[in-house]
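# Summary of the model geometry
Okay, here's what each chain looks like letter by letter:
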Amino acid sequence: MSKFIQIQIEQISMSLVHKLLLELDPKFAERLSQTLVLEEYAKKLSEYAYFVTAKIDGKYVGVCAFYINEVKREYFLPYLCVSSTCRNMGIAGKIFETI
């Protein structure tokens, strides 16, 4: 039985960005917390980035932060993560389609 994946663009508070960074940090081969102060990074993302999120049953299973340079019509994606329990479900692809 396939699960319903809700994909949306949304604003995320600094506290939620920080919580998601902490939850997803161990999923990276090189943890972000080894090179960044996660609370400061969360503040920067929440102030300047747009987010595409993926949820299953109301729980965040994927998140992508991106910036838009409207003059050059370019996107910059500094952060994309999908929970390891939800990989190979096409979530990252759905996030990219939304952007």
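Relevant structure appears above.
Before going into details, it helps to say that this report is about the structure given with it. All figures in this text were calculated on a predicted structure; none of them were measured in a lab.

### A short note on the overall build of the chain
Helices and strands together make up the secondary structure of the chain, namely 3 helices and 4 strands. Across the chain, helices and strands are ordered from the amino to the carboxyl terminus as β-α-α-β-β-β-α. Against the 2.2 N^0.38 benchmark of 13 Å for 99 residues, the chain shows a C-alpha radius of gyration of 13 Å, consistent with a compact globule. Projected onto its principal axes, the C-alpha positions of the chain cover 40 × 30 × 25 Å. Sorting the 99 residues of the chain into buried and exposed places 36% on the buried side. In the chain, of all internal contacts separated by at least 6 residues, the share reaching a separation of at least 24 is 53%.

### Some thoughts on helix α1 (residues 14-24)
Among all positions of α1, only V17, L20, L21 and L24 are buried. Here the buried residues of α1 occupy an arc of 100° about the axis, which is enough to place them on one side. Taken together, the buried residues of α1 touch α2 (38-48), β2 (50-56), β3 (59-69) and β4 (74-82).

### Brief notes about the environment of N88
Summarising the element assignment, N88 is placed in the loop between β4 and α3 (91-98). Separated by 19 residues in the primary sequence, N88 and N69 have C-alpha atoms spaced 30 Å apart.

### Focus on the pairing of β4
By the bridge criterion, 7 bridges tie β3 to β4 in an arrangement that is antiparallel. Bridge pairing links G62 to V82 in β4. Here β3 folds back onto β4, and the loop between the two strands holds 4 residues, one of which, R73, carries a positive phi near 55°.

### Side note on the packing of aromatic side chains
Per the stated rule, a full pass over the model turns up 4 aromatic pairs. On the basis of an interplanar angle of 25° and a centroid distance of 5.6 Å, the ring pair of Y50 and F66 is categorised as stacked. Note that Y50 is positioned in strand β2 and F66 in strand β3, a separation of 16 residues in sequence. Using a relative accessible area of 34% as the deciding quantity, one classes Y50 as partly exposed. For the ring pair Y67 and F76, a centre distance of 6.2 Å and an interplane angle of 15° mean the geometry is stacked.

So, how was this worked out
- Residues numbered from 1 in each chain as written.
- Predicted model: local features only at pLDDT ≥ 70, side-chain atom pairs only at ≥ 80, totals over all residues.
- Heavy atoms only, no water.
- Helix = DSSP H or I, 4+ residues; strand = E, 2+ residues; numbered from the N terminus.
- Rg over C-alpha atoms; globule rule 2.2 N^0.38 Å.
- Buried < 20%, exposed > 50% of the residue type's maximum accessible area, 1.4 Å probe, protein only.
- Contact = heavy atoms within 4.5 Å.
- Arc of directions from axis to C-beta.
- Pairing = 2+ DSSP bridges.
- Phe/Tyr/Trp six-rings, centres within 6.5 Å; stacked < 30°, edge-to-face > 60°.

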